[in-house]
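Chain and residue survey
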Amino acid sequence: MPMSASTIITGTGRYLPPRIVTNFDLEKIMNTTDEWIRQRSGIRERHYVEPGTGSSDLGFEAAVRAIEDAKSERSEIDFIIFATLSPDYYFPGNGVLIQHKLGLGTIGALDIRNQCSGFIYALSVADQYIKTGTFKKILLVAAEVQSTNLDYSDAGRDLAVLFGDGAAAVILEPNRSGDGRGVLSTHLFSDGKHASDLWMVHPSPKNKPTFYPEFIANREYYPRMDGRNVFKNASERMPEAVTIALEHNRLTVEDVALLIPHQANDRISQMVARGLKIPLEKVARNIDRYGNTTAASIPIALDEAAKEGRIKRGDIVVLTAFGSGYTWAAAVIRW
Ligand SMILES: CC(C)(COP(=O)(O)OP(=O)(O)OC[C@H]1O[C@@H](n2cnc3c(N)ncnc32)[C@H](O)[C@@H]1OP(=O)(O)O)[C@@H](O)C(=O)NCCC(=O)NCCS
């Protein structure tokens, strides 16, 4: 009997567009201050694309780096998963765009729409395909361009200062060595009664005509957020998900080498650490440099941790996310 496979990450890569926008830059275009942003979120700067660059372009750059890091050939990739809330087009999704940009064969391309939980949701899908032997080398890309549709007026400034653009990608392959490395489990959750706490409603095909003057005049095409509710739920749900994930694997927080929470707000990350009683040294925190890059935030932090040697072969790495939906999730990986 062949050894059953686990899913290992064999390569990671990230790409941030070069333009850095500091809190002081935002002070010049909107009614905010560096102090307000830093105190509430820990963010100092974020990256913005130049107009004309889409999330598929950022994803392409990250994918090239991840493929190189995995020492793979593009032709070996047999499936694509693309997680984003900001695809280039209403349709088709970014999966096919990156398939074409990378010059891959006519392999399947799946789009995942789970916002800030997108990476862990996508990882859980990839994990099933690899474990069952369906695919042998999956490219998972997460990328966002959010800077082009943020409301810098007082009505949207709470949200506008938090978000940034960026991308990261990973390569997933089977591990049949029996050494225990790989994705140990993924845990997915949702609660749609909170959909309106963080959403972007227009344009909506529910309306006929879909584009009508009032929603444009009322600036209702911007994302909107009930920050307090999101903060409260994120701070509770992420520790809950991590506890479930660790218990499932008979592990404790002492076993964790690195916790990578979705970078929504540094105060939320600190609350998650406190809730789990995990020291902050074991928590990935890079929101000061990138802001909230939604689906891309966890794989960006994962790539940084891997490249900086912060995680080593055999380490327990725990991912957790929370976001619009609400959806939330956790994953445990033996690196
Ligand atoms: C958005 C968030 C930072 C606001 O913090 P908060 O502690 O709830 O806000 P506060 O009560 O301290 O401040 C609210 C005040 O600041 C003002 N304000 C909002 N955004 C501002 C900004 N960018 N700059 C300056 N003032 C701002 C508000 O208008 C409000 O003013 P008022 O009291 O005169 O009405 C916080 O709720 C948060 O981080 N929530 C989670 C958001 C998140 O992570 N979203 C993504 C999830 S994936």
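Structure: see above.
Below, the structure is looked at part by part. (Residues numbered from 1 in each chain as written. Predicted model: local features only at pLDDT ≥ 70, side-chain atom pairs only at ≥ 80, totals over all residues. Heavy atoms only, no water.)

**Some points on the environment of A122**
What counts, and what does not: Comment: elements are numbered from the N terminus, with helices defined as DSSP H or I runs of at least four residues and strands as E runs of at least two. Only protein chains enter the accessibility calculation, which uses a 1.4 Å probe; a residue is then buried when its area is under 20% of its type maximum, exposed when over 50%, and partly exposed in between. Residue contacts are counted whenever heavy atoms from the two residues lie within 4.5 Å of one another.
Turning to its location among the elements, A122 is positioned in helix 5 (residues 118–131). Given the relative accessible area of 0%, A122 is considered buried. Spatially, the C-alpha atom of A122 lies 7.3 Å from that of L140, the residues being 18 residues apart in sequence. Setting aside residues up to four positions removed in sequence, A122 forms contacts with I81, A83, I112 and L140.

**Points about the pairing of strand 1 (residues 6–15)**
Definition in use: Pairing between strands requires that DSSP locate at least two bridges from one strand to the other.
Counting buried residues in strand 1 gives 8 out of 10 residues, a clear majority hidden from the surface. Sheet topology places strand 1 next to strand 7 (residues 166–175); 9 bridges connect them, and they run antiparallel. Among the inter-strand pairings, T12 is bridged to a residue of strand 7, identified as V170.

**Focus: the site of the ligand**
Heads up, the rule is: Put simply, a residue is near a molecule or strand once any heavy atom of it comes within 4 Å of that molecule or strand. Residue-level accessible areas treat just the shown protein chains as cover; the underlying method is Shrake-Rupley with a 1.4 Å probe.
Residues in contact with the ligand amount to 22 residues; listed here are only the nearest, T32, R40, G227, R228 and N265. Protein contact buries 73% of the 980 Å² of open area that the ligand shows by itself. Listed by contribution, the elements that provide at least two residues to the shell around the ligand are helix 2 (34–41), helix 6 (157–160), helix 8 (227–248) and strand 12 (316–323). Among the elements that line the shell around the ligand, the one with the most residues is helix 8, at 4 residues.

**A short note on the packing of helix 8 against helix 9 (residues 266–276)**
Threshold: Convention adopted: a line fitted to C-alpha atoms gives each axis, helices being fitted over their contacting stretch, and angles between N-to-C directions are expressed from 0 to 180 degrees. The labels follow the angle: roughly parallel below 35 degrees, roughly antiparallel above 145, roughly perpendicular from 65 to 115, and oblique for the rest. By the definition used in this description, the sense in which the near helix is turned from the far one sets the handedness, with an anticlockwise turn below a right angle giving left-handed and a clockwise turn giving right-handed.
The N-to-C vectors of helix 8 and helix 9 enclose an angle of 40°; their axes lie 9 Å apart at closest approach. Classified by the angle their axes make, helix 8 and helix 9 are oblique. Relative to helix 9, helix 8 is oriented so that their crossing is right-handed. Facing F231, A234, S235, M238, P239, V242 and T243 of helix 8, the residues of helix 9 in contact are R267, I268, M271, V272 and L276.

**So, the nonpolar core**
How we decide: The term nonpolar core refers to a set of buried residues drawn from Ala, Val, Leu, Ile, Met, Phe, Trp, Tyr and Cys, joined through side-chain atoms within 4.5 Å.
Counting 41 residues, the largest nonpolar core has L259 and V318 as the members making the most contacts within it. Elements represented by at least two residues in this core include exactly helix 6, helix 8, strand 11 (256–261), helix 9, strand 12 and strand 13 (327–334). Top contributing element to this core by residue count: helix 8, with 8 residues. Apart from the residues within four sequence positions on either side, L259 is in contact with V242, V272, L276, I278, K282, V283, A284, V318 and T320. Within the second largest apolar cluster, 40 residues are counted, among which are I120, L258, I260 and A329.

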